[in-house]
Amino acid sequence: MNATQSGYYGRPIVKPPEWTALIPIYFWAGGWAGGSATLALGARLAKNERAARTLIVAAAAGCAISGVCLIGDLKRPERFLNMLRVFKPSSPMSVGVFIFSLFGGASMTAAASELTGVARPIGRFAEAVSATTGPLMSVYTAVLIGDTVMPAWHHARRSLPALFAATSALTAGGVGMFFTPPADAKPARRLALLGGVAVPMALERLRDELGTFQHEAYQRGKAGRLSHLARLLSLTGSACTLFARRNARIARFAGAILLAGGLAERFAVYHAGRISAEDPKFTIEH
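Conventions used here
Residues numbered from 1 in each chain as written. Predicted model: local features only at pLDDT ≥ 70, side-chain atom pairs only at ≥ 80, totals over all residues. Heavy atoms only, no water. pLDDT = per-residue confidence, 0-100. Helix = DSSP H or I, 4+ residues; strand = E, 2+ residues; numbered from the N terminus. Patch = residues over 30% accessible without salt bridge, like charges linked within 9 Å, V, L, I, M, F, W, Y side chains within 5 Å. Areas by Shrake-Rupley, 256 points an atom, 1.4 Å probe, with all protein chains shown as cover. Salt bridge = Lys/Arg side-chain N within 4 Å of Asp/Glu carboxyl O. 1 Å grid on protein atoms, 1.4 Å probe; cavity = no way out; pocket = protein on both sides within 12 Å on 5 of 7 lines; lining within 4 Å. Points joined across faces, edges and corners; volume = space filled by probe spheres on them. Nonpolar A, V, L, I, M, F, W, Y, C, P; charged D, E, K, R; others polar. Buried < 20%, exposed > 50% of the residue type's maximum accessible area, 1.4 Å probe, protein only. Axes fitted to C-alpha atoms, helices over the stretch in contact; angles between N-to-C directions. Parallel < 35°, antiparallel > 145°, perpendicular 65-115°, else oblique. Left-handed = near helix turned anticlockwise from the far one by under 90°. Contact = heavy atoms within 4.5 Å. Lys, Arg positive; Asp, Glu negative; His and termini not counted. Charge placed at Lys NZ, Arg CZ, Asp CG, Glu CD. Phe/Tyr/Trp six-rings, centres within 6.5 Å; stacked < 30°, edge-to-face > 60°. Lys NZ or Arg CZ within 6 Å of the ring centre and 35° of its normal.

A. Focus on the confidence of the model for the chain. For the chain, mean pLDDT is 90; residues scoring 70 or higher make up 90% of the total. Model confidence for the chain, summarised as mean pLDDT per element, is weakest for helix α1 (residues 3-6) at 48 and strongest for helix α8 (residues 160-179) at 97.

This is how it looks when you write it as structure tokens:
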């Protein structure tokens, strides 16, 4: 029996992740939440109050979605609280939990202050904390999965953060365009276009780091189909962004398409990790 086909007694050499579909949604929502928070501060400094208000609320909403998905996948909320009992700088998961907690607390505080008008100085400080931790929120999950033994993730551990950062920019721009009138959405359109350029570059870097053999995991089955869908949605959304300056309908359509493209990308990465774990050849022949 061929080990590269059957593994050890018919079982995969690497145990596939037991995560549910909530986890790639958690990756996706956390990505655009981080990008939205950083973009919100930029809009605030530019005196674009409408965009800043929309984006900081969006950051808090993304954090809430991420929290629900993470706790839902853990099954028991106390498991998340238990991870806060000890801080281990050498553990990406431990560091990630504290990044999530700091970003989430700051974003929720800033959004609550923005919506109620209460404690504005505290709200502005929280907004600055949210904006500075936003980039970490956008990419820490890529570092986390790169630290696992899943071949498609571990062998791409240097390029995955760049891909997550690019798709986070793309989706944060999409959020801004969807919820902000075109006249106030200039920062969001610029970020979306920047993400549209950065995503193909990040994907090429991913391909180079993995090599032809390991990259096959991103081209097979669900991963391959979702990857192609993500490319189509991202290109379509980026093209529509060029015409979204004055047309609110096109802007909302572009924003929705970009968000869908980012979600497809996160699911593609998730399924690539599972595929590479389930097929022993990705572990043995590297």
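B. Main features of a nonpolar patch on the surface. Taken together, the side chains of Leu193, Leu242 and Phe243 present a nonpolar region at the surface, about 320 Å² in accessible area. With respect to the helices and strands, the residue Leu193 is situated in helix α9 (residues 186-215).

C. How the structure looks around the layout of surface pockets. When its volume is computed, the second largest pocket comes out at roughly 240 Å³. In terms of lining, the second largest pocket is formed by 15 residues, of which the most central are Leu203, Arg207, His215, Ser227 and Arg231. The set of elements that each furnish at least two residues to the lining of the second largest pocket consists of α9, α10 (221-241) and α11 (248-278). Residues belonging to the lining of the second largest pocket are distributed by class as follows: 6 nonpolar, 5 polar and 4 charged.

D. Local environment of the pattern of salt bridges. Tallying each qualifying case throughout the model produces 11 salt bridges. Note that Arg44 is salt-bridged to Glu49, the shortest N-O span being 2.5 Å. Taking the relative accessible area as the measure of exposure, Arg44 reaches 9% and is therefore buried. Its relative accessible area of 39% is what places Glu49 among the partly exposed residues. Among the charged side chains, a salt-bridge network with shared partners connects Arg44, Glu49, Arg53, Glu114, Arg124 and Glu127.

E. Quick peek at the packing of helix α3 (residues 49-74) against helix α5 (residues 92-116). Where α3 meets α5, the closest approach of the two axes is 8 Å, and the angle between their N-to-C directions is 135 degrees. Judged by the angle between their axes, α3 and α5 are oblique. In this structure, α3 crosses over α5, and the sense of that crossing is left-handed. Only Phe100, Phe103, Gly104, Ser107, Met108, Ala110, Ala111, Glu114 and Leu115 of α5 make contact with α3, whose side of the interface consists of Arg53, Ile56, Val57, Ala59, Ala60, Cys63, Ala64, Ser66 and Gly67.

F. Spotlight on a positive patch on the surface. A cluster of basic side chains, namely Lys186, Arg190, Arg245 and Arg246, defines a positive patch on the protein surface. Tracing the backbone through its elements, the reader meets Arg245 in the loop between α10 and α11.

G. Quick peek at the packing of aromatic side chains. On inspection of all chains with the given rule, the structure shows 9 aromatic pairs. Between Trp19 and Trp153, the ring centres sit 5.7 Å apart and the planes meet at 15 degrees, which makes this aromatic pair stacked. A residue pair is termed long-range when its members are at least 10 positions apart, and Trp19 in the loop between α1 and α2 (22-45) and Trp153 in helix α7 (residues 151-154) qualify at 134 residues. With a relative accessible area of 1%, Trp153 lands in the buried category. Measuring from centroid to centroid gives 5.6 Å for Phe213 and Phe282, while their planes differ by 40 degrees, and the two rings are tilted. One end of the pair, Phe213, is in helix α9; the other, Phe282, is in helix α12 (residues 281-284), with 69 residues separating them in the sequence. Three or more aromatic residues link up through ring pairs in this structure, and these residues are Trp19, Tyr26, Phe27, Phe100, Trp153 and Phe164. The residue whose ring lies beneath Lys281 is Phe282, and the NZ or CZ to ring-centre distance is 5.5 Å.

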